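Structural characterization, general
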Amino acid sequence: EERERLEQQLESQFRQHAAEQLHEASESAHRSEELASRVDSLEAGLGESRAAVAAVAASLSEERERLDQQLESQFRRHAAEQLHQASESAHRSEELARRMNSLQAGLGESHAAISSGFSEERERLEEQLRKHVEKQLHEASESVHLSEELAKRVDSLEAGLGE
């Protein structure tokens, strides 16, 4: 009887333990399915995120190319304007140099005519002519300085364009 009772008790404990193990296995399987579903969802989201990142990268690349082209166009336009200004300045400098040479020649002729006799008038005219020539020389000097500055800027812009 004791043996039978112990066998029944053991069988009961075994069944209870087996039921608990079966229940735990069932819950574990349910959690595994739930986790697998969440992993699938995360992987799908990751794929979408990667596609979005690739689209943004392509868009940024296109925008960079557009900005590079716009910057190069603006740089070329600015360089052309600087070159045009330098050319105009050089032309003005040449014109001022011609006028200065003409004035110096006129000064020599005036000096020869004045030296024949009218010393006060000659001094007044010489002073007036000297001031006029100095003014023209100053303008020519400023124009040459401006031409040099513009040439430096054009050289700098061309070097930047080369880079």
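Everything numeric here is computed off the predicted structure, so don't read it as measured data.

Taking 1.5 Å of rise per residue, 44 residues should cover 64 Å, and helix α2 (residues 119–162) covers 62 Å from first to last C-alpha, within 8% of that figure. Of all the positions in α2, only Leu129, Val133, Gln136, Ala140, Ser143, Ser147, Leu150, Val154 and Leu157 are classed as buried.

Position of glutamine 82 among the secondary structure elements: in helix α1 (residues 2–114). Within the structure, the side chain of glutamine 82 is placed 3.4 Å from the side chain of arginine 153, a separation counted as a polar contact.

The next thing to look at is the pattern of salt bridges. In total, this model carries ten salt bridges according to the counting rule given. Residue glutamate 7 is joined to arginine 3 by a salt bridge in which the shortest nitrogen-to-oxygen separation is 3.4 Å. In this pair, glutamate 7 and arginine 3 both sit in helix α1, four residues apart, roughly one turn of the helix. What makes glutamate 7 partly exposed here is its relative accessible area of 43%. Residues arginine 64 and aspartate 68 are paired through a salt bridge, measuring 4.0 Å at the closest nitrogen-oxygen approach. Of this pair, arginine 64 and aspartate 68 both sit in helix α1, four residues apart, roughly one helical turn. Given a relative accessible area of 37%, aspartate 68 falls into the partly exposed group.

This paragraph deals with the environment of leucine 71. Positionally, leucine 71 belongs in helix α1. For leucine 71, a relative accessible area of 54% translates into the label exposed.

The topology assignment puts arginine 50 in helix α1. The class for arginine 50 is exposed, based on a relative accessible area of 58%. Placed 54 residues apart in sequence, arginine 50 and glutamine 104 show a C-alpha to C-alpha distance of 79 Å.

Quick notes on the rules
Residues numbered from 1 in each chain as written. Predicted model: local features only at pLDDT ≥ 70, side-chain atom pairs only at ≥ 80, totals over all residues. Heavy atoms only, no water. Helix = DSSP H or I, 4+ residues; strand = E, 2+ residues; numbered from the N terminus. Expected span 1.5 Å × (residues − 1). Buried < 20%, exposed > 50% of the residue type's maximum accessible area, 1.4 Å probe, protein only. Polar contact = N/O pair within 3.5 Å; in protein donor to acceptor, adjacent residues only side chain to side chain. Salt bridge = Lys/Arg side-chain N within 4 Å of Asp/Glu carboxyl O.

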